[in-house]
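Summary of the model geometry
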Amino acid sequence: MSEERSTSEASRLAVITGTSGLGLETAKVLARSGYRIVLAGRNRSMGQAAVRTIGSQDPDAAVRFEELDLANLISVGTFAARMRKRGEAIDVLVNNAGVMMPPARQTTAQGHELQFGVNYLGHFALTASLLPLLGAGSRVVSVTSLAHRYGGLDLDAIKNPASYRAGPAYCASKLLQAMFAVELQQRSAAQGWGIISLAAHPGFASTNLFQGSEKRRTPRSLFFTKIVAPLLGQTPANGALPIAHAAMASDVVGGRLFGPKGFLEMKGPPGECAFAASVHDASLRLRAWEMSEDLIGYRFGDTLAHAD
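Rules behind the numbers
- Residues numbered from 1 in each chain as written.
- Predicted model: local features only at pLDDT ≥ 70, side-chain atom pairs only at ≥ 80, totals over all residues.
- Heavy atoms only, no water.
- Helix = DSSP H or I, 4+ residues; strand = E, 2+ residues; numbered from the N terminus.
- Buried < 20%, exposed > 50% of the residue type's maximum accessible area, 1.4 Å probe, protein only.
- Contact = heavy atoms within 4.5 Å.
- Areas by Shrake-Rupley, 256 points an atom, 1.4 Å probe, with all protein chains shown as cover.
- Core = buried A, V, L, I, M, F, W, Y, C linked by side-chain atoms within 4.5 Å.
- Pairing = 2+ DSSP bridges.
- Salt bridge = Lys/Arg side-chain N within 4 Å of Asp/Glu carboxyl O.
- Axes fitted to C-alpha atoms, helices over the stretch in contact; angles between N-to-C directions.
- Parallel < 35°, antiparallel > 145°, perpendicular 65-115°, else oblique.
- Nonpolar A, V, L, I, M, F, W, Y, C, P; charged D, E, K, R; others polar.
- pLDDT = per-residue confidence, 0-100.
- Phe/Tyr/Trp six-rings, centres within 6.5 Å; stacked < 30°, edge-to-face > 60°.
- 1 Å grid on protein atoms, 1.4 Å probe; cavity = no way out; pocket = protein on both sides within 12 Å on 5 of 7 lines; lining within 4 Å.
- Points joined across faces, edges and corners; volume = space filled by probe spheres on them.

Section: the overall build of the protein
- In terms of helices and strands, the protein carries 11 helices and eight strands.
- When the 308 residues of the protein are sorted by exposure, 55% land in the buried category.
- In the protein, once contacts between residues fewer than 6 apart in sequence are set aside, the share between residues at least 24 apart is 74%.
- Total accessible area on the protein is roughly 13000 Å²; 53% of this is exposed by carbon and sulfur atoms.

Let's talk about the nonpolar core
- Counting 55 residues, the largest nonpolar core has F79, M83, I90, L130, L153 and F300 as the members making the most contacts within it.
- For this core, the secondary structure elements donating two or more residues are β1 (13–17), β2 (36–41), α3 (73–86), α4 (114–129), α5 (166–191) and α10 (282–296).
- The residues touching F300, leaving out its near neighbours within four places in the chain, are F124, T127, A128, L131, F180, L184, W193, W289 and E293.
- Of all hydrophobic cores here, the second largest spans 31 residues; its members include A14, I37, V63 and A247.

Focus on the pairing of strand β7 (residues 257–260)
- Across two bridges, strand β6 (residues 196–200) lies against β7 in parallel orientation. Counted as the bridge partner of A199 is L257 from β7.
- Across four bridges, β7 lies against strand β8 (residues 270–273) in antiparallel orientation. Directly across from G259, in β8, lies its bridge partner G271.

As for the pattern of salt bridges
- Overall, the coordinates contain 13 salt bridges when judged by the stated rule.
- With its nearest N and O atoms 3.1 Å apart, the salt bridge here joins R64 to E66.
- Put simply, R299 and E293 hold a salt bridge, and the shortest N to O gap is 3.3 Å.
- Each of R36, R64, E66, R82, R86 and E88 takes part in a single network of salt bridges with overlapping partners.

Some remarks on helix α9 (residues 241–248)
- Of all eight residues making up α9, seven are buried, and the element is well covered by its neighbours.
- Burial in α9 covers these residues: P242, I243, A244, H245, A246, A247 and M248.

With respect to the packing of α4 against α10
- Where α4 contacts α10, the two axes come as close as 10 Å, and the packing angle between them is 80°. One element, α4, and the other, α10, form an angle in the roughly perpendicular class. Facing F116, Y120, L121, F124, A125 and A128 of α4, the residues of α10 in contact are A288, W289, M291, S292, E293, L295 and I296.
- Its residues placed into classes, the contact of α4 with α10 shows 11 nonpolar, one polar and one charged.

With respect to the confidence of the model for the protein
- Averaged over all residues, the pLDDT of the protein equals 90, while 87% of them reach at least 70.
- Throughout residues 1–8 the model reports pLDDT below 50, and contacts reaching past four residues in sequence, or to other chains, amount to 20 contacts.
- Here residues 210–215 scores under 50 on pLDDT; set against residues more than four positions off or in separate chains, the count is 15 contacts.

Examining the packing of aromatic side chains
- Under the counting rule described, the total for this entry stands at 10 aromatic pairs.
- Measuring from centroid to centroid gives 5.7 Å for F116 and Y120, while their planes differ by 45°, and the two rings are tilted. Placement of the pair is F116 and Y120 together in helix α4, with a separation of four residues, close to one helical turn.
- Judged by centre distance (5.3 Å) and plane angle (70°), the rings of F124 and F300 are edge-to-face. Linking F124 in helix α4 with F300 in the loop between α10 and α11 (302–305), this pair joins segments that are 176 residues apart in sequence.

Notes on the layout of surface pockets
- Of the voids in this model, the second largest pocket is the one considered here, and its volume is about 290 Å³.
- Around the second largest pocket sit 17 residues that line it, and A157, I158, S163, P168 and A169 are the ones nearest its centre.
- Ranked by the residues each element gives to the lining of the second largest pocket, the list is headed by α5, at four residues.
- Its residues placed into classes, the lining of the second largest pocket shows eight nonpolar, five polar and four charged.

A closer look at the sheet that holds β6
- Across the sheet, which stays open at both edges, the eight strands sit in the order β3-β2-β1-β4-β5-β6-β7-β8 with mixed pairing between neighbours. Two strands close off the open sheet at either side, each with one partner strand: β3 (63–67) and β8. Averaged over all neighbouring strand pairs, the angle between strand axes comes to 25°, with direction disregarded.
- Of the strand pairs in this sheet, β1 and β2 are connected by five bridges, and their pairing is parallel.

Structural data, given as structure tokens:
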């Protein structure tokens, strides 16, 4: 992977969800490599600020903001329809935006638990809706977390408000993102979509997402954030490197996971990492996929037959 602007990448388009933290840092890397960038998020002022930040650091960058609220499937559909109407082929889709461990259970516009709805289901629907723009060789990078290795997945409990616990729900949403990356790769190969689907995790990156979650919690968590994180973790800019590697490296193989290769994968240069064993459970992936299609109300691939 090279961060040097190249003429071969100058016409390529990357859509990245999330306008701060890892989303912003990933956009900076891809913009320096010549990609045109769509930063998609729900907060227009933050999105426009991100565009200005990138432009101030790289005057040649081609970056624009588009409104997208992953907590509302109607917004996802509206965003995708706008993109399809423009007709621009998408070379890289980075499913990055997320929420982390709200202490009390919150829900999306459609009533789904917020972490499940934003981190996973919104991105599932987004990828399905953008499928007509993802041609042969396009990459879909699903941003998971080290947390995906520490969570179980009870698909029935996801729908039960009484079962909510912030940490396990977050881990489950990240496990679903990892499973989605593998399942999408297999389905792309079987259906001839030509998509290269990958997963990436940032290690222990001290993003505003993590810091915001910890500040709402306990003194012990604050100690973890202020003392432990600087020692064991890395900056958002470094955390974005595995994501950018998955998006741009020439030697990647679909269905793989990339993350930092340093101590416990918390920091270090990007490289290939191992998924949790449960990611390879084909029957569980199938159940999750079919449940997700039921929740969004259409089948993956429908937009190919009914593209705008």
